[in-house]
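These are the residues of each chain, in order.
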Amino acid sequence: MAAGHGAAEAVRKRPYVLVFAILAIVTLVELNVQVFSLAESLRIAVLLILATFKGALVVSYYMHMRYEPRWLAFIPLGALVLISALILALIGTGVAPVAP
Amino acid sequence: MEHAKDAGHGAAPAAHHGSLWPFVLGFGAAIGYAGLVMDLRILGLGVVIFVAGAVGWLRDDMRSPSRADYGTLIAPADVVRVSSRKLATWLFLATEIMFFSAIIGVSWSLRVRSADWATPGEVLNVPLTGLNTFILICSSLTMVEALAAAERGNQKQLKLFLAATLALGITFLSIQGFEYLKLFFEEGLTFTSAPGPINDLYGSTFYIQTGVHGSHVLAGVLAMAYTTIKAFRGGFTKENHEAVELVGLYWHFVDVVWIFLFTIVYLI
């Protein structure tokens, strides 16, 4: 049903190959990030930001979130809010190191 | 599914979607879970019933059109805009986000509290896994092209791209399996130990994270195999191809999880 995907013409010109190229290039950058001799915490931050960027591209264009009604995005975003609480709680437990 | 008989009529689909098979499958899963904590023979019985339900359901589905269902509201489809099965799939993916977050979060939490963690590339083969990451990204491209082909009604490309996605998924699993064998038997990275002075938790957390992801890829490969078979039998059309989209959503999700997992486990 074309109606389920918005206007039928939107199906024609979606930038799937361009997104693929960006994903491939960013992956190459991630694999070679040590070339930039960054401080450890900066390196980790950059890698996580790049991973988030790639994930957002896949969700928006390959999973079609960009073309869906806006409210649908609240479903995965809601899950992300919940896991942020989980991550914060886990970081809290990690602050005081336990003897191995 | 009874409404397979309506497929040739072009009228609104029959309201009756009843099928016994989801109950059989669910019943088998329940018995299986009970057997996990009670008796492995009960688990075996549950697995048998589950598989019987799955086979029955899939045989019905193979003969059925894959038409999006917008429910029974008065509002027409272009107002509702998200089919009921697509909505359900996204809700399921949200639960999967929670599941993976628990596994990855706990592994990360153990890591920051532990001494003697391995540095990137010290134990794991980062270049090979980088290639594997690229393979999974390729499979997401072929998957979305398969959906685009279905939307255009191009049967040949639909089959081609689904088969390509399946092949790439199998390749990913094969490389992962090869890496596992090497790590486990040659490098000394096991479920309970790590090589040399490296913290033993490195092994445990590696296998739980990548293993849980790998089993999700395996489930995706099985679903992809079924979808590919159905496509080759002409089971999808321009109007009826929802399963291609939904299997695609699951497949892309598994790719997104790997994007994060690869970064956290291999690069950091």
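Within every chain, residues take consecutive numbers counted from 1 along the sequence as written. Throughout, the order in which chains and ligands are written sets their labels, letters from A for the former and numbers from 1 for the latter. Side-chain atom pairs in this predicted model are given and counted only at pLDDT of 80 or more, local residue features only at pLDDT of at least 70, and totals for whole chains, interfaces and linings cover all residues.

### A short note on the overall build of chain B
The test is simple: Elements are defined by DSSP. Helices are runs of H or I of four residues or more, strands are runs of E of two residues or more, and each kind is numbered from the N terminus. Once C-beta atoms are placed from the backbone, each residue is buried if 20 or more other C-beta atoms lie within 10 Å of its own, exposed if 12 or fewer, and partly exposed for counts between those two. Contact between residues is assigned whenever the C-beta positions, reconstructed from backbone atoms, fall within 7 Å.
Assigned secondary structure in chain B consists of eight helices and zero strands. Mapped from its N terminus to its C terminus, chain B presents α and β elements in the order α-α-α-α-α-α-α-α. Taken along the three principal axes of its C-alpha coordinates, chain B extends 70 × 45 × 35 Å. Split into buried and exposed, the 268 residues of chain B put 33% on the buried side. Of the contacts formed within chain B by residues at least 6 apart in sequence, a portion of 67% connects residues at least 24 apart.

### A look at the overall build of chain A
The secondary structure content of chain A amounts to three helices and zero strands. Order of helices (α) and strands (β) in chain A, N terminus to C terminus: α-α-α. Looking at the 100 residues of chain A, the share that counts as buried comes to 20%.

### Description of unusual backbone geometry
Trans peptide bonds make up most of the peptide bonds, and negative phi angles are found at most residues other than glycine. For Ser37(A), which is not glycine, the phi torsion reads 50 degrees and is therefore positive. Locating Ser37(A) in the fold gives a position in the loop between α1 (16-31) and α2 (40-62).

### Things to note about the nonpolar core
Residues and elements named next belong to chain B. Where we set the bar: A set of buried residues drawn from Ala, Val, Leu, Ile, Met, Phe, Trp, Tyr and Cys, joined through C-beta atoms within 7 Å, is what defines a nonpolar core.
Grouped together as the largest cluster of nonpolar side chains are 62 residues, with contacts concentrated most on Ala146 and Leu158. In terms of residue count, helix α8 (residues 242-267) provides more of this core than any other element does, 18 residues in total. Apart from the residues within four sequence positions on either side, Leu158 is in contact with Ala146, Ala149, Ala150, Ala231 and Phe236.

### Concerning the interface of chain A and chain B
Where we set the bar: Polarity classes work like this: nonpolar for Ala, Val, Leu, Ile, Met, Phe, Trp, Tyr, Cys and Pro, charged for Asp, Glu, Lys and Arg, and polar for all others, with Gly in that last group.
In this complex, chain A contributes 40 residues to the contact, which on the side of chain B involves 43 residues. Among the elements of the structure, α1, α2 and α3 (74-94) of chain A are those that each provide at least two residues to the side of chain A that touches chain B. Residue contributions to the side of chain A that touches chain B peak at twelve residues, all from α3(A). When the residues that make up the side of chain A that touches chain B are grouped by side-chain class, the tally is 30 nonpolar, seven polar and three charged.

### Notes on helix α5 (residues 126-152) of chain B
For clarity, the cut-off: To estimate how far a helix should reach, multiply one less than its number of residues by 1.5 Å.
A rise of 1.5 Å per residue sets the reference length of α5(B), with its 27 residues, at 39 Å; its end C-alpha atoms lie 39 Å apart and thus fit the reference within 8%. At the exit of α5(B) stands Gly153(B), carrying a positive phi of roughly 80 degrees.

### Section: the domain arrangement of chain B
Definition in use: These domain limits were set by an automatic method or by a database of domain assignments.
Taken domain by domain, chain B holds domain 1 (1-65) and domain 2 (78-267). Here domain 1 of chain B and domain 2 of chain B have C-alpha centroids that lie 25 Å from each other.

### Quick word on the confidence of the model for chain B
All names here are of chain B. Counted only if it meets this: pLDDT measures the predictor's confidence residue by residue and takes values from 0 up to 100.
Of the residues in chain B, 94% have a pLDDT of 70 or more, and the chain-wide mean is 91. Scored below 50 in pLDDT, residues 1-11 shows 18 contacts in the model against residues more than four places distant or in partner chains. Here the complex is predicted with pTM 0.88, and the ipTM for its interfaces comes to 0.86.

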